[in-house]
Amino acid sequence: MPRTDVLLNLFGAPHQSDLVTSALRLASALLARGARVQIWTCGDATRLTGAALGDTKPRDYTDLGRAHPSTARVVRELIEDHPDRLYWYVCRFCAEERGAADQIPQVRTRAPFVFAEHVNAADKSLLMGVC
């Protein structure tokens, strides 16, 4: 596991608050400054990178002419833009429990008992959300 400057831990329901937006903005800002970042998702946040999400969100009937990217696409593109500095991990137990075991190929699924290794591999760790 690579050494990183920051570990962002995303826990809990991702669409109940600004959790996802805040985490992605923070990760983008850190990457823009040259930081190495790892993101660990647990709980319902494991659904953010589910392969079933596809590239776009379902159409908004009030604005049919506009397509919005899914979170899986946003994460995939962010990883592709920073392949040697952004690492996205999904808790395998949480994903399987929520029917989200099938993830996009750019993320890695990990057993929860290795979480401490991720914390140790980061200079700083920030917990975002609640389980």
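See above for the structure.
An account of the accompanying structure is given in this report. (Residues numbered from 1 in each chain as written. Predicted model: local features only at pLDDT ≥ 70, side-chain atom pairs only at ≥ 80, totals over all residues. Heavy atoms only, no water.)

One can find T49 in the loop between β2 (37-41) and α2 (71-81). The exposure class assigned to T49 is buried, which follows from its relative accessible area of 0%. A distance of 2.3 Å separates the side chain of T49 from the side chain of Q103, its partner in a polar contact. Residue contacts for T49: discarding those within four places in its chain leaves A72, V75, W88, V90, Q103, I104 and V107. (Helix = DSSP H or I, 4+ residues; strand = E, 2+ residues; numbered from the N terminus. Buried < 20%, exposed > 50% of the residue type's maximum accessible area, 1.4 Å probe, protein only. Polar contact = N/O pair within 3.5 Å; in protein donor to acceptor, adjacent residues only side chain to side chain. Contact = heavy atoms within 4.5 Å.)

A few words on helix α1 (residues 19-32). Between the first and last C-alpha of α1 there are 20 Å, a value that for 14 residues agrees with the 20 Å anticipated at 1.5 Å per step. Inspection of α1 places L19, V20, A23, L24, A27, L30 and L31 among the buried residues, and these make up the whole buried set. Looking down the long axis of α1, one finds its buried residues gathered within 130 degrees of arc, a one-sided arrangement. Exposed residues pointing more than 90 degrees away from the buried face of α1 are listed as R25 and A32. On its buried side, α1 packs onto β1 (4-10), β2, α2, β3 (86-91) and β5 (122-128). Count one or two residues on from α1 and you reach G34, which has phi positive near 90 degrees. (Expected span 1.5 Å × (residues − 1). Arc of directions from axis to C-beta.)

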